[in-house]
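# Structural features, examined
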Amino acid sequence: MIPSILPTYNRTPVSFESGEGSWLIADDGARYLDLGGGIAVNSLGHANPILVEALTEQAGKLWHTSNLYGIPNQQALADMLVDLTFADTVFFANSGTETCELAVKMTRKYFHDKGQPERVEIIAFEGSFHGRSAAGIAAAGSEKLTAGFGPLLPGFTQVPLGDTDAVRAAINENTAAIIVEPVIGEGGIIPLPDVHIRELREICDEHGLLLILDEVQCGVGRSGKLFAHEWAGITPDIMMVAKGIGGGFPLGCLLATEEAASGMVAGTHGSTYGGNPLGCAVGLAVLKTVSDPAFLEDVNRKAGLLRQRLEGLVAAHPDVFESVRGSGLMLGLVCKAPNTDVLKTCYDAELLVVPAAENTLRILPPLTISDDEIGEAVSRLETAAISVN
Ligand SMILES: *Cc1c(COP(=O)(O)O)cnc(C)c1O
């Protein structure tokens, strides 16, 4: 008999009742140290007082009016994102994959309005992830995401990750854009070299293509910069943001230059809940906190500490771990033992990590994790490593 929840998830048999910073408290009272952060979502930890206050204050005033009217929090968040980034304009959605839908629509409309409606092809990378919508699975293209769901939305082609020559070879007169995660998330925490990201920007400029960056997982301070592409010193034309910007409240943002967004006039796109007062109140509080240079400096310091400790862990347990990779507080432990076995012993040590492709475990702690908690996390990983056999 089918369960009352559609069985599309592989769930671990544990449920949580409350959270405090980097900790999750299970219904039996056990305290788990959370290095998963709700898959890079709880950027400021659980039940962060700043976010609780922002949400409850707004909740007492107004929840929803629709985009038929002005929404002051949405305006303030858009202005702040425009101030802090390459973007001239922002569309608000509720999730990452919705921003992928708009990125694709915006790209098509851009070339349509330029009188080149045949330019609809978007080059994406093998092993990438852009969400579970029709556009998202067609973009990523992997069998795992697409099997059984055809016919897929046309207009996407995938090339091997990091292969600049393959990108060049894939370009033809119908190419419109390149979509890429600066740090691959689901695909196994693989940071793309800065030089490769700069090459993609150059290729886009050369051929008049739009560069779409998917920073849904690596954005909002996770990499140690407000957005990961800043490390490469380039800017995109379109950027997808979600996960960390809402700190746990559903919020997605599609950022764009005025040029890329030029076709998106009144009536061309919309969302009932997108940019609602609650989500934008939380988003504003997250962005104010994370964009503080002192906050980002501390993320980088802690990232260095955690990375060094993880390198030590890998060296001490070469039978369990192979290497550490990533950017900032978006780290991957590449495992030698099956990552699902290590995941299991981590649960036993009351430590939460997230599996990813390529036999990797993702370490995505709240950006507010303390030095002591980093020490505790590594000591629990040590315990977990010893119990794997
Ligand atoms: C999670 C994720 C998405 C999809 O976001 P949802 O909010 O689950 O729709 C898209 N791209 C990347 C890189 C992601 O990590």
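Residues numbered from 1 in each chain as written. Predicted model: local features only at pLDDT ≥ 70, side-chain atom pairs only at ≥ 80, totals over all residues. Heavy atoms only, no water.

When its domains are assigned, the protein resolves into domain 1 (16-48 + 293-388) and domain 2 (51-290). For domain 1 versus domain 2, the separation of C-alpha centres amounts to 26 Å. At the junction of the two partners, domain 1 supplies 29 residues and domain 2 supplies 28 residues. When domain 1 packs against domain 2, the two sides together hide about 2300 Å² of surface, and 61% of this comes from carbon and sulfur. Where domain 1 packs against domain 2, one counts 1 salt bridge. Linking Glu-186 and Arg-362 is a salt bridge whose minimum nitrogen-to-oxygen distance equals 3.0 Å. Our count for the domain 1 to domain 2 interface comes out at 12 residue pairs in polar contact (both at pLDDT 80 or more). At the level of secondary structure, the elements contributing two or more residues to the side of domain 1 that touches domain 2 comprise α1 (37-40), α10 (293-316), β13 (321-327), β14 (330-335) and β17 (360-363). (Domains from an automatic or database assignment. Contact = heavy atoms within 4.5 Å. Buried area = accessible area lost by both parts, 1.4 Å probe. Salt bridge = Lys/Arg side-chain N within 4 Å of Asp/Glu carboxyl O. Polar contact = N/O pair within 3.5 Å; in protein donor to acceptor, adjacent residues only side chain to side chain. Helix = DSSP H or I, 4+ residues; strand = E, 2+ residues; numbered from the N terminus.)

By the secondary structure assignment, His-196 is in helix α8 (residues 194-207). In contact with His-196, other than residues within four places in its own chain, are Phe-125, Gly-162, Asp-163 and Thr-164.

In the vicinity of the ligand, the contacting residues are Ser-95, Gly-96, Thr-97, Phe-129, His-130, Gly-131, Glu-181, Asp-214, Val-216, Gln-217 and Lys-243. One of the backbone nitrogen or oxygen atoms of Thr-97 is found 2.8 Å away from an oxygen atom of the ligand. The separation between an oxygen atom of the ligand and a polar side-chain atom of Gln-217 is 2.7 Å. Contact with the protein chains covers 83% of the free accessible surface of the ligand, which is 380 Å². Its residues placed into classes, the shell around the ligand shows 2 nonpolar, 6 polar and 3 charged. (Near = heavy atom within 4 Å. Areas by Shrake-Rupley, 256 points an atom, 1.4 Å probe, with all protein chains shown as cover. Nonpolar A, V, L, I, M, F, W, Y, C, P; charged D, E, K, R; others polar.)

What follows is about the packing of α10 against helix α12 (residues 371-387). Where α10 contacts α12, the two axes come as close as 10 Å, and the packing angle between them is 15 degrees. By the angle class used here, α10 and α12 are roughly parallel. Remark: the crossing between α10 and α12 carries right-handed chirality. In contact with Arg-301, Lys-302, Leu-305, Leu-306, Arg-309, Leu-310, Leu-313 and Ala-316 of α10, α12 contributes Asp-371, Ile-374, Gly-375, Val-378, Leu-381 and Glu-382. Its residues assigned to classes, the contact of α10 with α12 comprises 8 nonpolar, 1 polar and 5 charged. (Axes fitted to C-alpha atoms, helices over the stretch in contact; angles between N-to-C directions. Parallel < 35°, antiparallel > 145°, perpendicular 65-115°, else oblique. Left-handed = near helix turned anticlockwise from the far one by under 90°.)

Here the structure, examined in full by the defined rule, presents 14 salt bridges. For the salt bridge of Glu-20 with Arg-31, the shortest nitrogen-to-oxygen distance reads 3.6 Å. With Glu-20 in strand β1 (residues 16-20) and Arg-31 in strand β3 (residues 31-34), this residue pair connects regions lying 11 residues apart in the sequence. For the salt bridge of Glu-206 with Arg-168, the shortest nitrogen-to-oxygen distance reads 3.2 Å. One end of the pair, Glu-206, is in helix α8; the other, Arg-168, is in helix α7 (residues 164-170), and 38 residues separate them in sequence.

This part covers the packing of aromatic side chains. Under the definition given, this model contains 2 aromatic pairs. For the ring pair Phe-16 and Tyr-32, a centre distance of 5.4 Å and an interplane angle of 80 degrees mean the geometry is edge-to-face. Here Tyr-32 lies in strand β3 and Phe-16 lies in strand β1, a separation of 16 residues in the sequence. Relative to Phe-111, the ring of Tyr-110 lies with its centre 4.9 Å away and its plane at 80 degrees, an arrangement referred to as edge-to-face. You can call Tyr-110 buried: its relative accessible area is 6%. Assessed through its relative accessible area of 0%, Phe-111 is described here as buried. Between the NZ or CZ atom of Lys-225 and the centre of the ring of Trp-231, over which it lies, the distance is 4.7 Å. (Phe/Tyr/Trp six-rings, centres within 6.5 Å; stacked < 30°, edge-to-face > 60°. Buried < 20%, exposed > 50% of the residue type's maximum accessible area, 1.4 Å probe, protein only. Lys NZ or Arg CZ within 6 Å of the ring centre and 35° of its normal.)

Each neighbour pair has its own omega, and for Gly-150 with Pro-151 the value is -5 degrees, a cis peptide bond. Take Pro-151: it is sitting in the loop between α6 (143-146) and β6 (156-159). Within the chain, Ala-47 stands out as a residue other than glycine whose phi angle is a positive 50 degrees. Mapped onto the secondary structure, Ala-47 falls in the loop between α1 and α2 (49-59). Looking at Ala-47, the relative accessible area reads 52%, which means it is exposed.

Residues in a regular strand point their side chains to alternate faces of the sheet. Counting buried residues along strand β10 (residues 210-214), 5 of its 5 residues qualify, which places the element largely inside the surrounding structure. Burial along β10 is two-sided: the residues Leu-210, Ile-212 and Asp-214 and Leu-211 and Leu-213 are all buried. When strand β7 (residues 175-180) meets β10, the two strands line up parallel, connected through 4 bridges. Residue pairing in the sheet places Ala-177 in a bridge with Leu-210 of β10. Across 3 bridges, β10 lies against strand β11 (residues 238-241) in parallel orientation. Note that in β11 the partner of Asp-214 across the bridge is Met-240. (Pairing = 2+ DSSP bridges.)

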